[in-house]
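# Architecture at a glance
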Amino acid sequence: MDKILIRGGHPLHGKVFVRGAKNAALPLMAAALLSETPCVLHNIPCLHDVFTLDKILSGMGMRIDFTGRSMNLDASDVACQEAPYDLVRRMRASFFVLGPLLGRFGKARVSLPGGCAIGTRPVDIHLTGLEALGASIAIEDGYVVASGRLKGADFTLDYPSVGATENLLMAACRAEGVTRLSNAAREPEIVDVAAFLNRMGAQISGAGTDLITVVGVDALGGAEHSVIPDRIETGTFLLAGVATHGDVTVQNAHADHLASFLKKLRETGAEIEVTGTHIRARAVNGFRSTDITTQPYPGFPTDLQAQTMAMLCVAEGASVIREMVFENRFMQVAELMRMGADIDLDGNTAVVRGVKALSGAPVMASDLRASAALVLAGLVAEKGETAVARVYHIDRGYERIEERLNALGADIQRVR
Ligand code: UD1
């Protein structure tokens, strides 16, 4: 298994181009299942999660050609409506195929995703929502077996779940009549999925607000669409610049998708400059603590919590971090402490007291964002070498992270 070796202590400088958003690309690929004719998606990132979904969709009979960063998806001959456990267990986002399969074919058999390192992550909202649209749902041998012709309905999500909003949005496009989703998630990735579906002929309004209205249509056809830039990758590179007291500009970014994150970064004393699609972050004179509470969008993103914690480990003063989205998303804490961080953990709250310096250590990645946090900590560590094991987690969500950080002046190597 690969490891990433980092010799830290080098301030990062320069420009880095952000890739397409993983969390938009995956539901967009699933949405192509709804189309009777071929679709094209541009700016698709080369990530393990994308390859996993490619396998699931190809297994159903979708023809996929992924060349460069563009993907042609042809779902005209999809003959199988099943997503097997062996692939779904690798990635929860595989569950996105349920809504489009049910919407288009009136049937689907999709493995339950199960738990993961950051919590049990149930799918109850996905399922009650589909039932509200008229689906019959049974759980058989670890699979969700869903069937029925869908009818538009009013449904209020108990919690603004991103995945449930996307699944229901896709299913509702082919339901008969009007669906209103209240307390819907408002993430930019949902707006992106709705934009693609509308290009395919769907009638969706209100995406990006907590009330989404979908007027069902009889068929959806081919469309072309470019994936939005990845706001989490953007934030991670900006944090790497600030945490190493460097000066990093992320190109092709959407600053308005990161408003609450950038506000917090500014509170630490980092200088943030937004010029069109460029975001520059500098902290040549150091930075101070800040308090963070993760929330659904437009609040502070849970997907940037671990990486921000890595930076706050060496801030001046103490920071309080509250994780309000997932029940177990502090997997990075024990590893950061092995590198010399001073963190007290109590339930969903962490108190991070800034220390002068971290030192390199062998550490273990436990999930995607925690592994990015360990890489950042390794970049910050002033002495020793950090060896991050289980880097397959990071390859799920960051494309060639070591090459891109090295281009900014880091000293990182991937070894077998
Ligand atoms: C998506 C993102 C993930 C991000 C998360 C929150 C993708 C592929 N993944 O995950 O990177 O961290 O949003 O921004 O887009 N919940 C329930 N019942 C449900 C569904 C969710 O209780 O039916 C709970 C979850 O356990 C969790 C919270 O709701 O505590 C948020 O989950 P959700 O918004 O659904 O996240 P995902 O869509 O899985």
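A brief look at the structure comes next. This one's a predicted model, so the numbers in the text were calculated from it and none came from an experiment.

Helix and strand content of the chain: 14 helices and 24 strands. For the chain, whose C-alpha radius of gyration is 21 Å, the value lies close to the compact-globule estimate of 22 Å for 416 residues. By principal-axis analysis of the C-alpha atoms, the chain measures approximately 60 × 45 × 40 Å. With 416 residues in all, the chain has 57% of them scored as buried. In the chain, once contacts between residues fewer than 6 apart in sequence are set aside, the share between residues at least 24 apart is 74%. Per element, the accessible surface of the chain, about 15,500 Å² overall, is 49% carbon and sulfur.

This part is about unusual backbone geometry. In this chain, Tyr297 is followed by Pro298 through a cis amide linkage whose omega measures 10°. With respect to the helices and strands, Pro298 occurs in the loop between strand 18 (292–293) and helix 10 (305–312). Of note, the phi angle at Asn43 is positive, near 60°, even though the residue is not glycine. As for its placement among the helices and strands, Asn43 is situated in the loop between strand 3 (39–42) and helix 2 (48–59). At His245, a residue that is not glycine, the phi angle is positive and equals roughly 60°. Topologically, His245 is positioned in the loop between helix 8 (231–243) and strand 15 (247–251).

Right, let's get into the sheet that holds strand 11 (residues 178–182). In spatial order, the strands read 10-11-13-12; together these four strands make up an open sheet with mixed pairing. Each edge of the sheet is formed by a strand with only one pairing partner; in this case those strands are strand 10 (154–156) and strand 12 (203–205). In this sheet, adjacent strand axes meet at a mean angle of 15° when their direction is disregarded. When strand 11 meets strand 13 (residues 211–215), the two strands line up antiparallel, connected through five bridges. If you follow Arg180 over to strand 13, its bridge partner there is Thr213.

A few words on helix 8. Compared with the 18 Å implied by 1.5 Å per residue over 13 residues, the 18 Å span of helix 8 between its first and last C-alpha is a close match. By the criterion of burial, helix 8 is predominantly enclosed, with 13 of the 13 residues buried. Structurally, the start of helix 8 carries an N-cap: the backbone nitrogen of Ile232 is 2.9 Å from a side-chain oxygen of Asp230. Backbone geometry just after helix 8 places His245 at a positive phi near 60°.

Around the ligand, a shell composed of 19 residues is seen, among which Asp124, Ile125, Ser161, Asp303 and Val325 lie nearest. Interatomic distance of 2.6 Å between a side-chain N/O atom of Asp124 and a nitrogen atom of the ligand. A distance of 2.8 Å separates an oxygen atom of the ligand from a polar atom in the backbone of Gly163. Across the complex, the protein chains shield 86% of the 740 Å² of accessible surface that the ligand would expose by itself. Elements supplying a minimum of two residues to the shell around the ligand: helix 5 (124–132) and helix 6 (162–172). Element by element, the count of residues in the shell around the ligand is highest for helix 5, at three residues. Along the lines of polarity and charge, the residues of the shell around the ligand split into nine nonpolar, five polar and five charged.

Attention now moves to helix 5. Within the span of helix 5, buried status applies to Ile125, His126, Leu127, Gly129 and Leu130. In this structure, the buried residues of helix 5 make contact with helix 4 (98–105), strand 8 (136–140), strand 9 (143–147), strand 10 and helix 6. A positive backbone phi angle near 100° is found at Gly134, which sits one or two residues after helix 5.

Turning our attention to the pairing of strand 21 (residues 349–353). Relative to strand 21, strand 19 (residues 318–322) runs antiparallel, the two being bridged by five bridges. Bridge pairing links Ile321 to Ala350 in strand 21. Bridge analysis of strand 20 (residues 342–346) against strand 21 gives five bridges, and the strand direction is antiparallel. Across the sheet, Asp346 pairs through a bridge with Thr349, a residue of strand 21. Hairpin connection between strand 20 and strand 21: a loop of two residues separates the two successive antiparallel strands, and Gly347 in this loop has a positive phi of roughly 60°.

This next bit is on the pattern of salt bridges. Taken as a whole and judged by the stated rule, the model has 29 salt bridges. Residue Lys264 pairs with Glu267 through a salt bridge whose shortest N-O separation is 3.1 Å. Here Glu267 and Lys264 lie together in helix 9 (residues 259–267), a separation of three residues that amounts to about one turn. For Asp344, the salt bridge identified is with Arg353, shortest N-O distance 2.8 Å. When its relative accessible area of 40% is taken as the criterion, Asp344 is described as partly exposed. Taking relative accessible area as the criterion, Arg353 reaches 32% and is therefore assigned partly exposed. A single salt-bridge network, built from bridges that share partners, covers Asp2, Asp395, Glu402, Arg414 and Arg416.

About the thresholds
Residues numbered from 1 in each chain as written. Predicted model: local features only at pLDDT ≥ 70, side-chain atom pairs only at ≥ 80, totals over all residues. Heavy atoms only, no water. Helix = DSSP H or I, 4+ residues; strand = E, 2+ residues; numbered from the N terminus. Rg over C-alpha atoms; globule rule 2.2 N^0.38 Å. Buried < 20%, exposed > 50% of the residue type's maximum accessible area, 1.4 Å probe, protein only. Contact = heavy atoms within 4.5 Å. Areas by Shrake-Rupley, 256 points an atom, 1.4 Å probe, with all protein chains shown as cover. Pairing = 2+ DSSP bridges. Axes fitted to C-alpha atoms, helices over the stretch in contact; angles between N-to-C directions. Expected span 1.5 Å × (residues − 1). Polar contact = N/O pair within 3.5 Å; in protein donor to acceptor, adjacent residues only side chain to side chain. Near = heavy atom within 4 Å. Nonpolar A, V, L, I, M, F, W, Y, C, P; charged D, E, K, R; others polar. Salt bridge = Lys/Arg side-chain N within 4 Å of Asp/Glu carboxyl O.

The values reported here are purely geometric and, on their own, carry no functional implication.
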